[in-house]
Each structure stands twice: as structure tokens, then as C-alpha cells.
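Given next are the chains, with one letter for each unit.
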Amino acid sequence: MEFSPAFINVTYHRSESMFKKKPDGTFDKVEVRKRPGTVGICAAIMNRYKVDAVAHLICGGFTRQETEDALIDLNFLGIDNVLVLRGDAPKNESAFEPEPGGHRYAIELLQQVMNMNNGIYLEEDLKNAVKTNFCIGVAGYPEKHFEAPNMQTDLAYLKAKVDAGAEYITTQMFFDNAKYFSFVKACRDAGIGVPIVPGLKPISSKKQLTVIPRTFHVDIPEELSSEILKCKTDADVEVVGTEWMLRQSRELKAAGVPGLHYYTLGKPKMVSNVVKELI
Ligand SMILES: Cc1cc2nc3c(=O)[nH]c(=O)nc-3n(C[C@H](O)[C@H](O)[C@H](O)COP(=O)(O)OP(=O)(O)OC[C@H]3O[C@@H](n4cnc5c(N)ncnc54)[C@H](O)[C@@H]3O)c2cc1C
């Protein structure tokens with residue numbers, strides 16, 4: 001709150017389960033991670049801090065009905081910003097599969113939210129089908145979504161999300177601003193006119209040099225990776241990571257970006273060190 005953020009995003013995830021071996025050698029499927037309290041956390045943020053919360057919604061693991069219920073709760077709470085996403089396959093599965101009765105692509109989820117904005121709910125005869133007023137954001141990938149066959153195809157699907165009603169795009173993290181600038185140009189050339197908010201994450205450990213590319217399918221520039229490899233401790237890496245993100249932020253801000261979206265991922269200290277220098 002010290003920095004008066006314009007908004008705070010709250011992520012969403014499906015519940016996670018594992019197979020536990022029983023004494024007789026058979027297996028039980030047990031839940032090891034509950035569905036998130038995204039709606040509740042957003043409400044707490046808005047209540048306590050009077051700052052806009054952006055609730056993420058994903059397709060994976062949710063039926064259309066469950067999504068509608070979450071949206072009804074968000075609407076009652078006055079949380080009218082949502083970032084609609086597909087989500088990824090669970091860790092033990094190789095490809096994303098929608099929940100039976102759920103959505104396959106983010107655009108389908110977006111269409112559900114747009115329908116509610118027009119008073120169209122899943123049940124035709126619903127008595128209290130009030131029109132909602134959600135402002136919808138979607139994800140964009142300066143280095144291409146890892147499943148897209150090429151950038152042009154990925155951009156065509158991104159444009160379809162914008163044409164269907166997305167009002168802005170928040171990007172996947174990137175460590176080379178040139179990638180963001182060329183993505184914005186490619187979007188504009190493809191007829192995508194909405195604001196494109198850059199997403200940044202600070203690198204905080206040597207391990208992340210391999211984990212980040214594997215998890216998020218983004219490159220880490222050689223200039224940054226070589227500096228990190230010289231570090232003796234992760235505390236030294238934090239210094240390099242902070243400095244790098246500060247440089248990125250300064251350049252983006254000077255270029256007039258519509259905002260900066262920081263991925264704090266539960267570790268706000270490095271981000272707050274950057275913002276202190278930036279404002
Ligand atoms: C800013 C941001 C926030 C995120 N927050 C979360 C979170 O809170 N929880 C979480 O689980 N994940 C989150 N993610 C990760 C996200 O769920 C994954 O990156 C996921 O793999 C893709 O989501 P999407 O919304 O971009 O999917 P989509 O837009 O559905 O695209 C997925 C893939 O399908 C292709 N595609 C899109 N539409 C179609 C179509 N109609 N027909 C055929 N192909 C199509 C695209 O090119 C792409 O390759 C976030 C990502 C970003 C960038």
C-alpha cells in the first residue's frame with residue numbers, strides 16, 4: 001500500500017490432487033491443495049485497502065456453472081475487474097484438457113463473462129439475471145505462447161479475444177524490453193489497439209535461470225544470465241535481479257507504457273525495492 005498501486009491481481013488455480021498408496025497396495029485420490037480463495041482475497045483487499053483488485057479466472061478445473069457462481073459472487077462484492085485465462089495442464093498431465101462442462105480456451109470464458117455483462121446467464125429462465133459490469137483483461141505473450149505454432153497464429157487468437165471484448169492485455173514476464181516493444185508493434189500491425197501492460201518479474205536465485213525458461217517459456221538475455229552466474233550467493237543474485245528490473249521499469253516508463261504489472265509471486269520485497277527507486 002506504501003506505493004498506492006493502481007490495482008492488485010490475485011491469481012487463480014485448480015485444486016491439486018495426488019494418489020496415495022493404501023496398505024492393500026491400491027491407491028486413493030486425495031486433495032493436496034484446495035481451490036484458491038481468490039474471490040475472498042480480492043474482497044479483503046478492496047475492503048481493507050480501497051484499491052482495485054483484479055480477480056484471475058481460469059478454464060482448467062472449473063465448469064461453466066462454477067465459473068458463473070464465482071462471477072455472481074464477484075459482482076455482489078463490487079469486484080468488477082477480471083483477467084480471464086485458460087490455465088495450464090496439471091503437473092502430472094502432459095496437455096491441457098478442459099473440465100467436462102468447462103471451457104477449452106480463454107476466449108470461451110471471456111464470452112461467458114461478456115454474456116453476463118449482457119444479462120445472459122447459463123439458465124435461460126433465471127429470475128435474477130442482472131447485467132454485470134466486468135472489465136475483462138487477457139494474457140499476451142511477447143515471446144509467443146508455448147503451444148502456438150508461430151507468432152502470427154498466436155496474435156490472431158489474441159486479436160479474437162480483443163474483438164470478443166477484452167479491454168486490455170497483460171503480458172507474460174519478459175527480461176528483454178525489445179521483445180515487449182516488438183510485440184506491441186506486431187499487435188498494432190495486427191489491428192489490436194487495446195492497452196498492453198508489460199509484466200515483469202525479478203530474478204532472485206541462480207536456480208531460476210533454468211526454472212523460469214522451463215516454466216514460462218521465456219528467454220533470459222545473456223547479459224543478465226552471465227551477471228547472475230558470477231554471483232556467489234542468492235542474496236547477490238537479488239541485487240542483480242533488482243537492478244535489472246529497475247532498468248527495465250525505467251525504460252518502459254519512459255516509453256509511456258500504460259502501467260507496470262509486477263509478478264511478486266508471494267515475495268514482495270524485491271518489487272518494493274524497485275518501486276522505491278522508481279517513484
Ligand atoms: C498475466 C498472466 C496471468 C496469469 N495468471 C494465471 C493464473 O492466475 N492462474 C493460472 O493457472 N495461470 C495463469 N497464467 C498462465 C496461463 O493460464 C497460461 O499461460 C496458459 O497456458 C494460457 O492461457 P491463455 O489465457 O493465454 O490461453 P488462451 O488464450 O486460451 O491460449 C492458449 C493457447 O491456445 C491458442 N488458442 C487460443 N484461442 C484458440 C482457439 N480459439 N483455437 C485454437 N487455439 C487457440 C493460443 O495461441 C495459445 O497457444 C497467467 C498468464 C499470464 C500471462
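In the block above lies the structure referred to throughout.
A short tour of the structure in this document, coming up.

Comments concerning the overall build of the chain
Regarding its fold elements, the chain presents nine helices and nine strands. Scaling as 2.2 N^0.38, a compact globule of 279 residues should have a C-alpha radius of gyration of about 19 Å, and the chain matches this with 20 Å. By principal-axis analysis of the C-alpha atoms, the chain measures approximately 60 × 55 × 45 Å. Taking the intrachain contacts of the chain between residues at least 6 apart in sequence as the baseline, contacts between residues at least 24 apart amount to 70%.

Considerations on the environment of His-56
Assignment of secondary structure puts His-56 in strand E4 (residues 52–58). By relative accessible area, which is 10% here, His-56 ends up buried. Separated by 32 residues in sequence, His-56 and Asp-24 have C-alpha atoms that sit 41 Å apart. Excluding anything up to four places from it in sequence, His-56 contacts Asn-9, Val-10, Thr-11, Tyr-12, Thr-38, Leu-83 and Leu-85. A distance of 2.8 Å separates a polar atom in the side chain of His-56 from a polar atom in the side chain of Asn-9.

Comments concerning the site of the ligand
As a matter of local geometry, the ligand sits amid 23 residues, with Tyr-12, Asp-88, Tyr-141, Asp-154 and Lys-161 nearest to it. Between Tyr-12 and the ligand, the recorded distance is 2.7 Å, taken from a backbone N or O atom to a nitrogen atom. Contact distances for the ligand include 2.5 Å between an oxygen atom and a side-chain N or O atom of Asp-88. Taking 980 Å² as the accessible area of the ligand by itself, protein coverage stands at 86%. Residue assignment for the shell around the ligand shows that the elements contributing at least two residues are E4, strand E5 (81–85), helix H4 (151–163) and strand E7 (168–173). With three residues, H4 is the largest single contributor of residues to the shell around the ligand. In terms of residue class, the shell around the ligand is made up of 12 nonpolar, six polar and five charged.

Examining the pairing of strand E8 (residues 196–200)
Extensive coverage of E8 is indicated by the burial of five of its five residues. The alternating pattern of E8 places Ile-196, Pro-198 and Leu-200 on one face and Val-197 and Gly-199 on the opposite face, and all of these are buried. In this structure, E7 lies alongside E8, joined through three bridges in parallel fashion. By the bridge assignment, Thr-170 is partnered in E8 with Val-197. A crossover links E7 with its parallel partner E8, the connecting element being helix H5 (residues 177–189), and its sense is right-handed. Two strands pair when backbone bridges link them, and E8 and strand E9 (residues 261–262) are joined in this way by two bridges, in the parallel orientation. Within E9, the position partnered with Leu-200 by the bridge is Tyr-262.

So, how was this worked out
- Residues numbered from 1 in each chain as written.
- Predicted model: local features only at pLDDT ≥ 70, side-chain atom pairs only at ≥ 80, totals over all residues.
- Heavy atoms only, no water.
- Helix = DSSP H or I, 4+ residues; strand = E, 2+ residues; numbered from the N terminus.
- Rg over C-alpha atoms; globule rule 2.2 N^0.38 Å.
- Contact = heavy atoms within 4.5 Å.
- Buried < 20%, exposed > 50% of the residue type's maximum accessible area, 1.4 Å probe, protein only.
- Polar contact = N/O pair within 3.5 Å; in protein donor to acceptor, adjacent residues only side chain to side chain.
- Near = heavy atom within 4 Å.
- Areas by Shrake-Rupley, 256 points an atom, 1.4 Å probe, with all protein chains shown as cover.
- Nonpolar A, V, L, I, M, F, W, Y, C, P; charged D, E, K, R; others polar.
- Pairing = 2+ DSSP bridges.
- Right-handed = clockwise from strand over helix to strand, strands pointing away.

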